[in-house]
Amino acid sequence: MVALSVKKNLLILVLVGILAGFVPGYVKGQSVADIVTQDFFNGIINQADASCAGKNFYTRAGFLDALNSYNQFGNLGSADDSKREIAAFFAHVTHETGHFCYIEEINGASQDHCDETNTQYPCNPNKKYFGRGPLQLTWNYNYGAAGTSIGIDLLNSPETVATDVTVSFKTALWFWMTNVRPVVSQGFGATIRAINGAIECNGGNPSTVQARVQYYTQYCNQLGVAPGDNLTC
């Protein structure tokens, strides 16, 4: 009987541990939704001017809907690491969109973001692959790969990233989980390098780097977690 009781207690502890930290979409007993509250989201988007296109586009509900497809986001080895990932993601989103002001890249239609050497995701000559969405998805190969992951032909309908908020957030989470998540543990500076390192890092644009870091540390403070080391690049 004692042995059975011990086994039962161990099983309960294991189940509690699973629920506390290893269920996708959960951060040690808290869901990502518990951390990215409406107040947290509003604290970002409310800083955008009323005339901003993104003001009536980006929503917390859209983010949470997209999260269902990428439910490993915000689910790292510890609660602190998970909160740092969430803070980092929204720091970059804040910077890229101007507090959710912009849906599309400024003057994006005049830019050529077609890599003709990429044969896996060939450009549609009638479409433009400029920055769109929370992390400003750019280039035909990113639209193609993101679309494959999401299940939408974004090569032939890249504008969907600017018209469907859930798809928009899905592209941001796809880019994050594919390109940024692998280096998150190396510090916030590594996430800057993964997103725009060729332009900003190694002295390329120190003021922009500092702006990203400022948002990150602000959100870490809001979430009650230390920002960690290696903040710049």
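Residues numbered from 1 in each chain as written. Predicted model: local features only at pLDDT ≥ 70, side-chain atom pairs only at ≥ 80, totals over all residues. Heavy atoms only, no water.

Enquirer: Just checking my understanding: could you explain the nonpolar core for this structure?
Expert: Most often, soluble globular proteins have nonpolar side chains that are buried together. Counting 58 residues, the largest nonpolar core has Phe63, Phe73, Phe89, Phe90, Phe100 and Trp176 as its most contacted members. Secondary structure elements with two or more residues in this core: α2 (32–35), α3 (38–45), α4 (60–67), α5 (79–97), α6 (140–150), α7 (165–180), α8 (188–200) and α9 (206–223). Sort the elements by how many residues they give to this core and α7 lands first, with 9 residues. What tryptophan 176 contacts, discounting residues up to four positions off in sequence, is Phe73, Glu85, Ala88, Phe89, His92, Leu135, Arg181, Pro182, Val184, Thr191 and Ile195. (Core = buried A, V, L, I, M, F, W, Y, C linked by side-chain atoms within 4.5 Å. Buried < 20%, exposed > 50% of the residue type's maximum accessible area, 1.4 Å probe, protein only. Helix = DSSP H or I, 4+ residues; strand = E, 2+ residues; numbered from the N terminus. Contact = heavy atoms within 4.5 Å.)

Enquirer: What am I meant to see in the state of the cysteines here?
Expert: Each disulfide is one covalent bond, formed between the sulfur atoms of two cysteines. Taken as a whole and assessed by the stated rule, the structure comprises 3 disulfides. Disulfide partner of cysteine 52: cysteine 101, at an S-S distance of 2.1 Å. Every disulfide takes its handedness from the sign of the S-S torsion; for cysteine 52 and cysteine 101 that torsion is -85 degrees, giving left-handed. In this pair, cysteine 52 sits in the loop between α3 and α4 while cysteine 101 sits in the loop between α5 and α6, placing the two residues 49 residues apart along the sequence. Note on accessibility: cysteine 52 and cysteine 101 belong to one class, buried. The disulfide partner of cysteine 201 is cysteine 233, and the S-S distance across this bridge is 2.0 Å. (Disulfide = S-S within 2.5 Å.)

Enquirer: Teacher, can you tell me more about the side chain of threonine 160 here?
Expert: Secondary-structure assignment places threonine 160 in the loop between α6 and α7. Its relative accessible area of 18% is what places threonine 160 among the buried residues. At 2.9 Å, the side chain of threonine 160 and the backbone oxygen of serine 157 are in polar contact. The residues contacting threonine 160, other than those within four sequence positions of it, are Leu154 and Val167. (Polar contact = N/O pair within 3.5 Å; in protein donor to acceptor, adjacent residues only side chain to side chain.)

Enquirer: Before we go on, may I ask you to explain the pattern of salt bridges in this structure?
Expert: Should their charged atoms come close, side chains of opposite charge can pair. Within this structure, the stated rule accounts for 6 salt bridges. The residue aspartate 81 makes a salt bridge to arginine 84 at a minimum N-O spacing of 2.9 Å. One end of the pair is aspartate 81 and the other is arginine 84, both in helix α5 and 3 residues apart, which spans about a single turn. A relative accessible area of 33% places aspartate 81 in the partly exposed class. When the shortest N-O distance is used, the salt bridge between arginine 212 and glutamate 96 registers 2.7 Å. (Salt bridge = Lys/Arg side-chain N within 4 Å of Asp/Glu carboxyl O.)

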